[in-house]
Amino acid sequence: MGHIEAMSDTGFLTRLSHRAVIHITGADARDFLQRVVTNGPQGVTPGKALGSALLTPQGKVLADFIFLDDGEGGLFVDVPAGEADALLKRFTLYRLRAKAELALRDDLAVAAARGDAIAALEAAALALALDPRGPGLAMRAIVPVTADIGEDGAGYIAAKAAACVTEMPLDYGPAEMFSTDVNHDLLHMIDYRKGCFVGQEVASRMHRKGGVRKRTAYLTGQGSFAQGAPVTAGETPLGEILSGGQGFALALLRVDRLEAADQPVMVDGQPVSVHLPGPPS
C-alpha cells in the first residue's frame, strides 16, 4: 500500500466525449455561482482553470466541473455531458436577477492532451489551462466541435486513474458520493474558506471531523477490472471498483478496514496493489 506522488509521462491527445460545455457570459458571469459551488468561480483567469462541484444539501456530489476563462470576461464550464441540461436549468435558477446569460454550447467540445500532443491542442483551443486537479495530469481545453481531434481516451483514463482523479460519469453518478469519497478535497475542488455553498454544512463538518472513512484509491494488478467488482482482504470487504482498464482501476475503499487488513488485497481472486491518494500539493 502506497501513496501516489508522481505519474508517468505517457502522452495523449483526445476529445472527451463524456463532457460538455456550458458558456456563461455577462457582467455577473463570475459572481452568481460564487455562493453555490464548492470552489470559485472567482479566481479563474486566462490560463488558470478551477475544479469545482455542485453538491446536494446533504453533501452528495450532483456534478463535477472545471471552469475555464473564455478570454472575454465569461466562463466556459466543462461539465458531465449527461448532466448538462439539468445543470443549465439549475444554474439558470441560481442566476436570479444577475446579469448573466447561459447557453449549452453544442458547437464546442472538451479535449485533453499531454506530452508532445499539447502543441496540437493549443492550435485548436479556444481556452486552455493545466488541469487544476493534479500536477502533470494534462492540459484541458475547450475546442470547436469541428476540431480534428479523435476520441481515443485510453491514455487520458490511465493518467486520470494514476493520479487518483475521479470524474463523472466515468467513475460515479450524480448524488452517489460525498466529496471526500471521490477525493475532491485532495484535488483542489473544495474551498472550505470561501463562505457559503450548497451542501457546505455537511462538507465542512466532515472536513473538521477528520478521519475520512472512504477514499478512492488507485489499484494495479493483472488483467482487467470490472466496475462494481468487490475488493476484499480475506473475508473483510473493503469496497468496490469504480472504473478500470487493463492492469489498473479506481476503487472506493474503506480506509480504516484497509489499514487494519492483515491479508493481501484481492479483486476477483487476484492480488492487487493499493495506492492511496496523497495530500494536495
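Residues numbered from 1 in each chain as written. Predicted model: local features only at pLDDT ≥ 70, side-chain atom pairs only at ≥ 80, totals over all residues. Heavy atoms only, no water.

Participant: Break down the overall build of the protein chain for me, with residues and values.
Facilitator: Assigned secondary structure in the protein chain consists of five helices and 15 strands. The C-alpha atoms of the protein chain give a radius of gyration of 19 Å, which matches the 19 Å a tight globule of 281 residues would have. Along the first, second and third principal axes, the C-alpha atoms of the protein chain reach 60 × 45 × 30 Å. Across the 281 residues in the protein chain, those meeting the buried criterion constitute 51%. Restricting the contact set of the protein chain to residue pairs at least 6 apart, pairs at least 24 apart contribute 67%. A total of about 12,700 Å² of accessible surface is found on the protein chain, and carbon and sulfur atoms cover 51% of it. The positive charge centre, built from 26 side chains, and the negative charge centre, built from 33, are 9 Å apart in the protein chain. (Helix = DSSP H or I, 4+ residues; strand = E, 2+ residues; numbered from the N terminus. Rg over C-alpha atoms; globule rule 2.2 N^0.38 Å. Buried < 20%, exposed > 50% of the residue type's maximum accessible area, 1.4 Å probe, protein only. Contact = heavy atoms within 4.5 Å. Areas by Shrake-Rupley, 256 points an atom, 1.4 Å probe, with all protein chains shown as cover. Lys, Arg positive; Asp, Glu negative; His and termini not counted. Charge placed at Lys NZ, Arg CZ, Asp CG, Glu CD.)

Participant: Please give an account of the pattern of salt bridges that cites residues and values.
Facilitator: Should their charged atoms come close, side chains of opposite charge can pair. Per the counting criterion, the structure on display carries 13 salt bridges. Close ionic contact of D185 with R215 constitutes a salt bridge, the shortest N to O distance being 2.7 Å. Here D185 is found in the loop between α3 (154-162) and α4 (200-209), whereas its partner R215 is found in strand β11 (residues 214-224), with 30 residues between them in sequence. For the residue pair D185 and R215, the accessibility class agrees, reading buried in each case. Across the pair R193 and D191 runs a salt bridge whose closest N-O atoms are separated by 3.9 Å. The exposed category is assigned to R193, whose relative accessible area is 80%. Counted as one network, the salt bridges with shared partners bring together R19, D64, D78, D131, R133, R140 and E167. (Salt bridge = Lys/Arg side-chain N within 4 Å of Asp/Glu carboxyl O.)

Participant: Any details on the packing of aromatic side chains? Residues and values, ideally.
Facilitator: Under the defined criterion, the tally for this structure stands at three aromatic pairs. Ring geometry for F12 and Y156: centres 6.0 Å apart, planes at 80°, overall edge-to-face. With F12 in strand β2 (residues 12-15) and Y156 in helix α3, this residue pair connects regions lying 144 residues apart in the sequence. Summarising the burial analysis for this pair, F12 and Y156 share the class buried. Aromatic side chains F65 and F91 sit 5.8 Å apart centroid to centroid with 85° between the ring planes, which places their arrangement in the edge-to-face category. Within this pair, whereas F65 is found in strand β5 (residues 61-69), its partner F91 is found in helix α1 (residues 84-95), the two being separated by 26 residues in sequence. As far as the burial class goes, F65 and F91 line up, both buried. (Phe/Tyr/Trp six-rings, centres within 6.5 Å; stacked < 30°, edge-to-face > 60°.)

Participant: Describe the nonpolar core, with residues and values.
Facilitator: Soluble globular proteins tend to pack their nonpolar side chains together in the buried interior. Core analysis: the largest hydrophobic core is formed by 25 residues, its most contacted members being I24 and F65. Residue assignment for this core shows that the elements contributing at least two residues are β3 (19-25), β4 (50-55), β5, β6 (75-80) and α1. Counting 20 residues, the second-largest nonpolar core is a separate cluster that includes V21, A49, F76 and V110. (Core = buried A, V, L, I, M, F, W, Y, C linked by side-chain atoms within 4.5 Å.)

Participant: Requested: an account of the pairing of β5, with residues and values cited.
Facilitator: Counted residue by residue, β5 has nine buried out of nine residues, so it is predominantly covered. As paired elements, β4 and β5 share six bridges and run antiparallel to each other. Residue pairing across strands places A53 opposite D64, the latter belonging to β5. What sits between the antiparallel neighbours β4 and β5 is a turn of five residues, in which G59 has the positive phi angle 90°. (Pairing = 2+ DSSP bridges.)

Participant: Break down empty space enclosed by the protein for me, citing the residues and quoting the values.
Facilitator: Under the counting rule described, the total for this entry stands at one cavity of 30 Å³ or more. In this structure, the largest cavity occupies an estimated 60 Å³ of space. In terms of lining residues, the largest cavity is bounded by 11 residues, among which S179, T180, Y192, A203 and M206 are the most central. Class assignment for the residues of the lining of the largest cavity results in seven nonpolar, four polar and no charged. (1 Å grid on protein atoms, 1.4 Å probe; cavity = no way out; pocket = protein on both sides within 12 Å on 5 of 7 lines; lining within 4 Å. Points joined across faces, edges and corners; volume = space filled by probe spheres on them. Nonpolar A, V, L, I, M, F, W, Y, C, P; charged D, E, K, R; others polar.)

Participant: Describe the sheet that holds strand β9 (residues 127-130), with residues and values.
Facilitator: Within the open sheet, the four strands sit side by side as β2-β8-β10-β9. Their pairing is antiparallel. Sheet topology places β2 and β9 at the edges, where each strand pairs with a single neighbour. This sheet shows a mean twist of 20° between the axes of neighbouring strands, independent of strand direction. For strand β8 (residues 108-114) and strand β10 (residues 139-144), the ladder comprises six bridges, and the chain directions are antiparallel. Opposite V110, over in β10, you have I142 as the bridge partner. Seen against the sheet, α3 touches β2, β8 and β10 and runs at an angle of roughly 105° to β2. (Axes fitted to C-alpha atoms, helices over the stretch in contact; angles between N-to-C directions.)

Participant: Run through α3, naming residues and quoting values.
Facilitator: Along α3, the positions that sit buried rather than exposed are Y156, A159, K160, A161 and A162. Residue C164 follows α3 closely and has a positive phi angle near 60°.

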